[in-house]
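If you want the building blocks of each chain, they are given just below.
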Amino acid sequence: MAIAKAAPGKTLLTPTDHTLIMIDHQSQMSFATKSIDAVTLRNNAALVAKAARGFKVSTILTTVAEKSFSGPIFDEIKSVFPEHNVIDRTSMNTWEDERIAVEVNKFGKQKIVLAGLWTSVCIVGPALSAIDQGFEVYVIADACGDVSTEAHEMAMQRMIQIGARPMTSLQYLLELQRDWARTETYEETVKTSIANGGSYGLGLIYAKTMFGASEGH
């Protein structure tokens, strides 16, 4: 018989148990993205980047053909990590670049969280490769996009079928916080939620302005 314990499940993410890889959030890649509009995509990418920074998550930023074709990484990401080295690749599959393997091994985390463009190529590639090598993979679905809704959905299904775990950008932020009594990250989480959390952020503005609400008290 199962016994309930006041403890989190092992598949829930924590700030220290995973490496986040943000892949090919670039202008040329976003021009053909149709499964999500560019404003929402940029907002969600910013939310993910700010969450990673706020919780000091091991993070890898990578682009493909930045100088010759695809353009720089979204400023919503670069501005959050201004000193971060962005690895520029030729390979469509991030996982096949030796420099990425070096970074992943340096961080030494069992769980890999992915977000990027396009879902069917630049996310499926590393997801399937990482799972094949024994990693646990999570995909932030609304910080990804593809040339059609069908392309994005088929890519998500393909990854889920072999064990990838789907999530959303706001879910990622709140899963890292998970307890409003964690005061060391509370203010940053609220700030990010207000800036990039959509209607949830509006709710926070209202509650704090109208009656000084605070989730942890």
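Data block above holds the structure.
Residues numbered from 1 in each chain as written. Predicted model: local features only at pLDDT ≥ 70, side-chain atom pairs only at ≥ 80, totals over all residues. Heavy atoms only, no water.

1. Let's talk about the pairing of strand E4 (residues 111-116)
The following threshold applies: Burial classification: accessible surface area is computed with a 1.4 Å probe over protein chains only, and a residue below 20% of its type maximum counts as buried, one above 50% as exposed, and the rest as partly exposed. Secondary structure elements follow DSSP: runs of H or I no shorter than four residues count as helices, runs of E no shorter than two count as strands, and numbering proceeds from the N terminus. Between any two strands, at least two bridges found by DSSP are needed for them to pair. Note on handedness: a crossover is taken as right-handed if, strands pointing away from the viewer, the path from the first strand over the helix to the second is clockwise.
Counting buried positions along E4 gives 6 out of 6 residues, so the element sits mostly inside the fold. The alternating pattern of E4 places Lys111, Val113 and Ala115 and Ile112, Leu114 and Gly116 on opposite faces, both of which are buried. Both strand E1 (residues 18-23) and E4 contribute to a ladder of 6 bridges, which runs parallel. If you follow methionine 22 over to E4, its bridge partner there is alanine 115. Bridge analysis of E4 against strand E5 (residues 136-140) gives 4 bridges, and the strand direction is parallel. Of the residues in E5, the one forming a bridge with lysine 111 is glutamate 136. As for the winding sense of the linkage, the β-α-β connection from E4 through helix H6 (residues 119-132) to E5 is right-handed.

2. So, the pattern of salt bridges
The criterion, for reference: Each salt bridge in this description consists of a side-chain nitrogen of Lys or Arg and a carboxyl oxygen of Asp or Glu lying within 4 Å of one another.
Summed over the entire model, instances satisfying the criterion amount to 7 salt bridges. Between aspartate 24 and arginine 89 there is a salt bridge, with the nearest N and O atoms lying 2.9 Å from each other. With a gap of 65 residues between them, aspartate 24 in the loop between E1 and helix H1 (27-31) and arginine 89 in strand E3 (residues 86-89) connect regions that are remote in the sequence. Between glutamate 136 and arginine 165 there is a salt bridge, and its shortest N-O distance comes to 2.8 Å. With a gap of 29 residues between them, glutamate 136 in strand E5 and arginine 165 in strand E6 (residues 165-167) connect regions that are remote in the sequence.

3. What to know about helix H7 (residues 149-161)
Put simply, the test is: Expected span of a helix: the number of residues minus one, times 1.5 Å. Should any heavy atoms of two residues lie within 4.5 Å, those residues are counted as being in contact.
Between its first and last C-alpha atoms H7 spans 18 Å; for 13 residues at 1.5 Å apiece the expected length is 18 Å, and the two agree. Along its buried surface, H7 packs onto H6, E5 and E6. Just beyond H7, the residue with positive phi is glycine 163, at close to 115 degrees.

4. Thoughts on the packing of H6 against H7
The cut-off we apply is this: Orientation is described by axes fitted as lines to C-alpha atoms, over the contacting stretch for helices, and by angles from 0 to 180 degrees between their N-to-C directions. We call two directions roughly parallel when the angle between them is under 35 degrees, roughly antiparallel when it is over 145, roughly perpendicular when it lies between 65 and 115, and oblique otherwise. Asp, Glu, Lys and Arg are counted as charged, while Ala, Val, Leu, Ile, Met, Phe, Trp, Tyr, Cys and Pro are counted as nonpolar; the rest, among them Gly, fall into the polar class.
Direction vectors running N to C along H6 and H7 enclose 5 degrees, while the axes themselves pass 9 Å from each other. Comparing their axes, H7 and H6 come out roughly parallel. When H6 is examined against H7, the residues Thr119, Ser120, Ile123, Val124, Ala127 and Leu128 are found in contact with a partner set consisting of Ala151, His152, Ala155, Met156, Arg158 and Met159. Partitioned by chemical class, the residues of the contact of H6 with H7 number 8 nonpolar, 3 polar and 1 charged.

5. A look at the sheet that holds E4
Strand order across the open sheet formed by 6 strands is E3-E2-E1-E4-E5-E6, with parallel pairing between neighbours. Of all strands in the sheet, those bounded by a partner on one side alone are E3 and E6. Each strand of the sheet is rotated relative to its neighbour by a mean of 25 degrees, with strand direction disregarded. The pairing of E1 with strand E2 (residues 58-64) spans 5 bridges and is parallel.

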